[in-house]
Amino acid sequence: MTRFYLDADKIPTAWRNVVPELPEPLQPPLHPATKEPVGPDDLAPLFPMGLIAQEVASEPWIDIPGEVLDVLRLWRPTPLVRAERLERALGTPARIYYKDESLSPAGSHKPNTAVAQAYYNAAENVRRLTTETGAGQWGTALAFACRQFDLECKIYMVRASYDQKPYRRILMETWGGEVVPSPVDQPDHPGSLGLAISDAVRDAATRDDSHYSLGSVLNHVLLHQTIIGLEAREQLALAGETTPDVVIASCGGGSNLAGIALPFLADDGVRLVAVEPSSCATLTEGRFDYDFGDTAGMTPLLPMFTLGHDFVPPPIHAGGLRYHGDAPIISNLVKSGRIEAIAYPQGKTFEAAIQFANTEGKIPAPETGHAVRATIDEALAAKESGEERVILFNYSGHGLLDLSAYDDYLHGRLVDA
Ligand SMILES: Cc1ncc(COP(=O)(O)O)c(C=O)c1O
């Protein structure tokens, strides 16, 4: 058997909060002007109290509301798949499993938190959410989620993607989202995630009926994604495995890695690996410091690995990994040595993605290609040492709306940044 399913009634009913068990206490976010720790009142113009409470929660489990589960059940639990054909092609004794998050409506892991965020905002009578999106994965997820709870959704999309990649914009509009290119006040600027966050925060902060929504980085976003790893634990048991030897995921702001890895945090001996692009190597080359989440310096200062809030990464295809910072929780765990980090240039990730497509059949998103690359290298290392390693990775999204990137790779136009 190569596919392991959980019954619909086995969907996890609580999220896992690892903040109380971090090796070092998490430093608080600081107010951008006063540099004092931010309190709930500082965050209230942007977020509902339900999410602010999760941001500072200290209990290890937090119940998932029934209304959120009802929407997640449209595609969850997602299958765990053993990549036997890839194993065979590599000639490795490793057993490779992937959690298929590409089956969500938006095609990635992002709706897991988008649905929860839309629910908590709607529950507090917010009428409208604003957000940013790079290549469009997060924007599509939030547009879909807002539709489920009758919220308006305005998405500031990095202009380079808005101009070059119309299909995700069309998805957002199909789900009722309003999409505008960012930066709004500089029509010739190609844009960046940091600038688009500034646009979305400014919009929400200046309207009483609106809140802001972030697709990664913050504690509550990582919390919502733990449903991935919680399901995967159960499914590995169905596959006859105990714990994996290594858990791998691509890391942009950190929620994808957190989702699959944090439910294994307490398991000694399970290696947790973040994979990032060499051209935006936040964890492997950045510094640990307080920094802003956006370019204009409007968000609270977060304790994180950062390349500097004015860093503009080169336009690699993995748009979701082009972020200057990383989640405080992930940064804390990298700093303490519990999470390892590795970086690859994009050419090597496309090579791996194409090997995956030709063995397992599925075409990974460019972000997901980073995890596939690291997985293949782990499996080859196991072959070299003759070890039966169990590898789990998060198949965070499909690449069916990223085919122009594959076209560039296949026809020698990819810049190997
Ligand atoms: C398909 C896919 N995988 C991984 C990531 C990285 O996710 P995170 O920012 O949560 O680390 C993204 C981000 O957009 C993505 O779209």
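You'll find the structure just up there.
Residues numbered from 1 in each chain as written. Predicted model: local features only at pLDDT ≥ 70, side-chain atom pairs only at ≥ 80, totals over all residues.

When you look at the sheet that holds strand β7 (residues 152-158) in this model, what are you seeing that I'm missing?
Either a parallel or an antiparallel arrangement is found when strands of a sheet pair, and the pairing is made through backbone hydrogen bonds. The strand order across the open sheet built from 4 strands is β8-β7-β6-β9, with neighbouring strands paired in parallel fashion. The open sheet terminates on both sides in strands that have one partner only, identified here as β8 (178-182) and β9 (210-212). Pairs of neighbouring strands in the sheet enclose a mean axial angle of 25°, with direction left out of account. In the sheet, β7 pairs with β8 via 5 bridges, with the strands oriented parallel. Paired with Val158 across the bridge in β8 is Ser182. Contacting β6 (128-133), β7, β8 and β9, helix α9 (residues 193-205) crosses the sheet at an angle of about 170° to β6. (Pairing = 2+ DSSP bridges. Helix = DSSP H or I, 4+ residues; strand = E, 2+ residues; numbered from the N terminus. Axes fitted to C-alpha atoms, helices over the stretch in contact; angles between N-to-C directions. Contact = placed C-beta atoms within 7 Å.)

Honestly, the environment of Asp208 in this entry has me stumped. Any pointers?
Turning to its location among the elements, Asp208 is positioned in the loop between α9 and β9. The spatial distance from the C-alpha of Asp208 to the C-alpha of Leu46 is 9.8 Å, given a sequence separation of 162 residues.

Please clarify how the packing of helix α6 (residues 137-148) against helix α8 (residues 166-174) should be interpreted in this entry.
Two quantities define a packed helix pair, namely the angle between the axes and the distance from one axis to the other. With their axes 8 Å apart at the nearest point, α6 and α8 run at an angle of 10° to one another. Overall, the two elements α6 and α8 adopt an arrangement that is roughly parallel. Between α6 and α8 the crossing geometry is left-handed. Across the interface between the two elements, Gly139, Thr140 and Ala143 from α6 touch Arg168, Leu171 and Met172 from α8. Broken down by class, the residue content of the contact of α6 with α8 amounts to 3 nonpolar, 2 polar and 1 charged. (Parallel < 35°, antiparallel > 145°, perpendicular 65-115°, else oblique. Left-handed = near helix turned anticlockwise from the far one by under 90°. Nonpolar A, V, L, I, M, F, W, Y, C, P; charged D, E, K, R; others polar.)

Which parts of the structure should I look at to understand the environment of Ala405?
Looking at the element boundaries, Ala405 is found in helix α17 (residues 403-410). A residue is classified by how many C-beta atoms lie within 10 Å of it, and Ala405, with 24 of them, is buried. Taking the C-alpha atoms as reference points, Ala405 and Arg233, separated by 172 residues in sequence, lie 33 Å from one another. (Buried ≥ 20, exposed ≤ 12 C-beta atoms within 10 Å, placed from the backbone.)

Please explain the sheet that holds strand β14 (residues 339-344) as it appears in this structure.
One open sheet holds the 7 strands; their spatial order is β1-β4-β5-β15-β10-β11-β14, and the pairing between them is mixed. With partners counted over all chains shown, the strands left at the sheet margins are β1 (3-4) and β14, one partner each. Note: strand β5 (residues 95-100) against strand β15 (residues 390-395), 6 bridges, orientation parallel. Paired with Tyr97 across the two strands is Leu392, which belongs to β15. The sheet contacts of helix α14 (residues 328-335) involve β11 (271-277) and β14, and relative to β14 the element is tilted by about 100°.

Would you take a moment to explain the packing of helix α5 (residues 111-123) against α6 for this structure?
Interaxial distance between α5 and α6 falls to 8 Å at its minimum, and their mutual angle equals 40°. When the axis of α5 is compared with that of α6, the two are oblique. Seen along the crossing, α5 lies across α6 with a hand that is right-handed. Across from Pro111, Ala114, Val115, Gln117 and Ala118 in α5, the residues of α6 making contact are Ala141, Leu142, Phe144, Ala145, Cys146 and Gln148. Tallied by class, residues from the contact of α5 with α6 come to 9 nonpolar, 2 polar and no charged.

I'm lost on α8 in this one. Help?
Along an α-helix, residues three or four positions apart point the same way, because every turn accommodates 3.6 residues. Among the residues of α8, those classed as buried are Arg168, Arg169, Leu171 and Met172. Viewed along the axis of α8, the buried residues span an arc of 155°, placing them on a single side of the element. In this fold, the buried residues of α8 make contact with α6, β7, α7 (159-164) and β8. Gly176 lies just past α8 and shows a positive phi near 90°. (Arc of directions from axis to C-beta.)

So what exactly am I meant to see when it comes to the site of the ligand here?
Taken together, 19 residues lie near the ligand, and Gly252, Ser255, Gly320, Ser396 and Gly397 sit nearest. Elements with a minimum of two residues in the shell around the ligand: α6, α12 (255-261) and α16 (366-385). The leading source of residues in the shell around the ligand is α12, at 3 residues. Residue composition of the shell around the ligand, by class: 5 nonpolar, 13 polar and 1 charged. (Near = placed C-beta within 6 Å.)

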